[in-house]
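# Secondary and tertiary structure notes
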Amino acid sequence: DIQMTQSPSSLSASVGDRVTITCRASQGISNSLAWYQQKPGKAPKLLLYATSRLESGVPSRFSGSGFGTDYTLTISSLQPEDFATYYCQQYSKTPLTFGGGTKVEIK
Amino acid sequence: EVHLVESGGGLVQPGGSLRLSCAASGFTFSSYEMNWVRQAPGKGLEWVSYISSSATTIYYADSVKGRFTISRDNAKNSLFLQMNSLRAEDTAVYYCARGPTNGWFYFDYWGQGTLVTGSS
């Protein structure tokens, strides 16, 4: 199975900050990576797929990059509605696997 | 607008069975691959199972293989998860999640989830 390691597990940031979350796969996943945002008590929401493709309706302050085993989600200017938990997911091979999550909290 | 509504969750004793349903609307259900993803209380996301649009291809996580069965009824726009031999560690919110039209295995829409609690 492909293990997905996210870091950090949590971070504190202020509105307007640039935030970066990383995801490392235990083997190459050929850009088959998606990012989700989840708010408490709600279902996850797709943000990006294929590493860097923005899902329709997602603000452009969200971006993704990476290749091989290392991937990054960047929020260019954190907004109040962005405080949530973020998950990466590889879909290169089954079983489909998620990172452990990164909780973004208000500083 | 895409809607996915799960039902069927509840309290079940270890070793028991439960059948989850997901009612889909707002899109042509028969054209989409579907999945179940679960989340234990306070924990991360775990993919459970996948079914292709025509139900010809099915995958399971090792943690549920042999105990859970995914199925669908395209005429009724419904997805199902039959859960047998339930364990305490199956306690989670179960989400149905749609696959995109490009054939890749991520999830573009999710339901709100149904809680399954395995407890004696």
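Our structure's up above, just so we're on the same page.
Figured I'd write up the structure that's included with this text. (Residues numbered from 1 in each chain as written. Chains lettered and ligands numbered in written order. Predicted model: local features only at pLDDT ≥ 70, side-chain atom pairs only at ≥ 80, totals over all residues. Heavy atoms only, no water.)

### Some words on the state of the cysteines
As a reminder, the rule being used: The disulfide definition used here is simple: a pair of cysteine sulfur atoms within 2.5 Å. Counting from the N terminus, the helices are DSSP H or I runs at least four residues long and the strands are E runs at least two residues long. Three exposure classes are used, based on accessible area relative to the maximum for each residue type with a 1.4 Å probe and protein chains only: buried under 20%, partly exposed in between, and exposed over 50%.
With the rule as written, the count across this model stands at two disulfides over all chains. A sulfur-sulfur distance of 1.9 Å marks the disulfide that ties cysteine 23 of chain A to cysteine 88 of chain A. Between cysteine 23 of chain A and cysteine 88 of chain A, the S-S dihedral sits near 60 degrees, and the bridge is therefore right-handed. One end of the pair, cysteine 23 of chain A, is in strand S3 (residues 19–25); the other, cysteine 88 of chain A, is in strand S9 (residues 85–90), and 65 residues separate them in sequence. Pair check on accessibility: cysteine 23 of chain A and cysteine 88 of chain A agree, each one buried. Between cysteine 22 of chain B and cysteine 96 of chain B runs a disulfide, and the two sulfur atoms are separated by 2.0 Å. Here cysteine 22 of chain B and cysteine 96 of chain B share a disulfide; its torsion about the S-S bond, 45 degrees, makes the bridge right-handed. Placement of cysteine 22 of chain B in strand S3 (residues 18–25) and of cysteine 96 of chain B in strand S9 (residues 92–98) is noted, with a sequence separation of 74 residues between them. Here cysteine 22 of chain B matches cysteine 96 of chain B in class, with each residue buried.

### Description of the environment of glycine 26 of chain B
Residue and element names in this part refer to chain B. Selection criterion: The criterion used for residue contact is that any of the two residues' heavy atoms lie within 4.5 Å.
Residue placement: glycine 26 occurs in the loop between S3 and strand S4 (34–39). C-alpha separation for the pair glycine 26 and leucine 4, spaced 22 residues apart in sequence, amounts to 8.9 Å. Other than its neighbours up to four places away in sequence, glycine 26 contacts Glu1 and Val2.

### Considering the interface of chain B and chain A
Rules: A simple way to read buried area is as the amount of 1.4 Å-probe accessible surface that goes missing from two parts once joined, with both sides added. Throughout this description, the term salt bridge denotes a Lys or Arg side-chain nitrogen within 4 Å of a carboxyl oxygen of Asp or Glu. Residues were grouped as follows: Ala, Val, Leu, Ile, Met, Phe, Trp, Tyr, Cys and Pro as nonpolar; Asp, Glu, Lys and Arg as charged; and all remaining residues, including Gly, as polar.
Contacts between chain B and chain A engage 19 residues on the former and 19 residues on the latter. Interface of chain B and chain A: buried area, both sides summed, is about 1,600 Å²; carbon and sulfur atoms make up 67% of it. When residues of chain B are sorted by the area they lose upon contact with chain A, Leu45, Trp47 and Tyr106 of chain B head the list and together hold 35% of the total. Put simply, chain B and chain A have zero salt bridges between them. Those elements that provide at least two residues to the side of chain B that touches chain A are S4 and strand S5 (45–51) of chain B. In terms of residue class, the side of chain B that touches chain A is made up of 10 nonpolar, six polar and three charged.

### Examining the environment of serine 54 of chain B
Mapped onto the elements of the fold, serine 54 of chain B is located in the loop between S5 and strand S6 (58–60). Between the alpha carbons of serine 54 of chain B and arginine 87 of chain B there is a distance of 30 Å; along the sequence they are 33 residues apart.

### Comments concerning unusual backbone geometry
The peptide bond linking serine 7 of chain A to proline 8 of chain A adopts the cis configuration, its omega dihedral lying at -5 degrees. Tracing the sequence through the fold places proline 8 of chain A in the loop between strand S1 (4–7) and strand S2 (10–13). With an omega of 0 degrees, the peptide bond running from threonine 94 of chain A to proline 95 of chain A counts as cis. With respect to the helices, strands and loops of the structure, proline 95 of chain A is situated in the loop between S9 and strand S10 (97–98). Positive phi outside glycine occurs at alanine 55 of chain B, with the angle close to 70 degrees. Within the fold, alanine 55 of chain B resides in the loop between S5 and S6. You can call alanine 55 of chain B partly exposed: its relative accessible area is 34%.

### Concerning the pattern of salt bridges
Residue and element names in this part refer to chain B. Counted according to the given criterion, the structure contains nine salt bridges over all chains. Notably, a salt bridge pairs arginine 38 with glutamate 46, separated by 2.7 Å at the nearest N-O pair. With a relative accessible area of 5%, arginine 38 lands in the buried category.

### Re the sheet that holds S3 of chain A
All names here are of chain A. Here is the rule we go by: Here, any two strands with at least 2 DSSP bridges between them count as paired. Lines fitted to the C-alpha atoms define the axes, with helices restricted to the stretch that makes contact. Angles between their N-to-C directions range from 0 to 180 degrees.
With antiparallel pairing, four strands are arranged side by side in an open sheet as S1-S3-S8-S7. Sheet topology places S1 and strand S7 (62–67) at the edges, where each strand pairs with a single neighbour. Taken pair by pair, the neighbouring strands of this sheet meet at an average axis angle of 20 degrees, ignoring direction. As paired elements, S1 and S3 share four bridges and run antiparallel to each other. Its bridge partner being in S3, threonine 5 is matched across the sheet by arginine 24.

Keep in mind that these numbers describe shape and distance, not what the molecule does.
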